[in-house]
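These are the residues of each chain, in order.
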Amino acid sequence: FGLYDCFPICLIRALEAAGLCSKGNSGEYIEEQYSKMVGAMESGLEDQLLKDKNFFPVNTHGGLLCYGAPWEVPAMYHIIEAVHQLRGKALGRQIENCRRALVYANG
């Protein structure tokens, strides 16, 4: 999932709009996913986590906050990342057997 995250509130709204969590539960969802990823990284198991069908990877390229937000340009990073994932060329970020991608933006 490539979700527009130019500001934290945009990511929270995008998670709900994409149906990854119910309205009002985005903060809890982010905390759960973050805890899973940190735990996996500390244990050296991040590759195994990315193969877990119940783990929903969001912004595998780091998100717009890591690129800055020069308006339209960062949204293209989401599209590029989605194409890389679908083609199996996302290097260390690759989601195993990726067959679909969702890119979401607002504004």
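What counts, and where the lines are drawn
Residues numbered from 1 in each chain as written. Predicted model: local features only at pLDDT ≥ 70, side-chain atom pairs only at ≥ 80, totals over all residues. Heavy atoms only, no water. Core = buried A, V, L, I, M, F, W, Y, C linked by side-chain atoms within 4.5 Å. Buried < 20%, exposed > 50% of the residue type's maximum accessible area, 1.4 Å probe, protein only. Helix = DSSP H or I, 4+ residues; strand = E, 2+ residues; numbered from the N terminus. Contact = heavy atoms within 4.5 Å. Axes fitted to C-alpha atoms, helices over the stretch in contact; angles between N-to-C directions. Parallel < 35°, antiparallel > 145°, perpendicular 65-115°, else oblique. Nonpolar A, V, L, I, M, F, W, Y, C, P; charged D, E, K, R; others polar.

On to the nonpolar core. Residues Leu-3, Leu-11, Ala-14, Leu-15, Leu-20, Cys-21 and Tyr-29 constitute the largest nonpolar core, which totals seven residues. Among the elements that line this core, the one with the most residues is helix α1 (residues 8–17), at three residues. When neighbours within four sequence positions are excluded, Tyr-29 is seen to be in contact with Leu-15, Leu-20, Cys-21, Phe-56 and Val-58. Membership of the second largest hydrophobic core comes to five residues, among which are Ala-40, Leu-49, Phe-55 and Ile-95.

The N-to-C vectors of α1 and helix α2 (residues 26–42) enclose an angle of 95°; their axes lie 9 Å apart at closest approach. The orientation of α1 with respect to α2, classified from their angle, is roughly perpendicular. Where α1 abuts α2, its residues Leu-11, Ile-12, Leu-15 and Glu-16 lie against Ser-26, Tyr-29 and Ile-30. Here the residues of the contact of α1 with α2 sort into five nonpolar, one polar and one charged.

Tracing the backbone through its elements, the reader meets His-78 in helix α4 (residues 72–87). Discounting residues that sit within four places of it in the chain, His-78 has contacts with Gly-2, Leu-3, Tyr-4, Asp-5, Asn-59, His-61, Leu-64 and Val-103.

For the rest of this paragraph, the subject is unusual backbone geometry. Unlike most non-glycine residues, Leu-91 shows phi in positive territory, near 50°. As for its position among the elements, Leu-91 is in the loop between α4 and β2 (103–104). Residue Leu-91 is classed as exposed on the basis of its relative accessible area, which comes to 74%. One non-glycine residue, Asn-97, lies in positive phi territory at about 55°.

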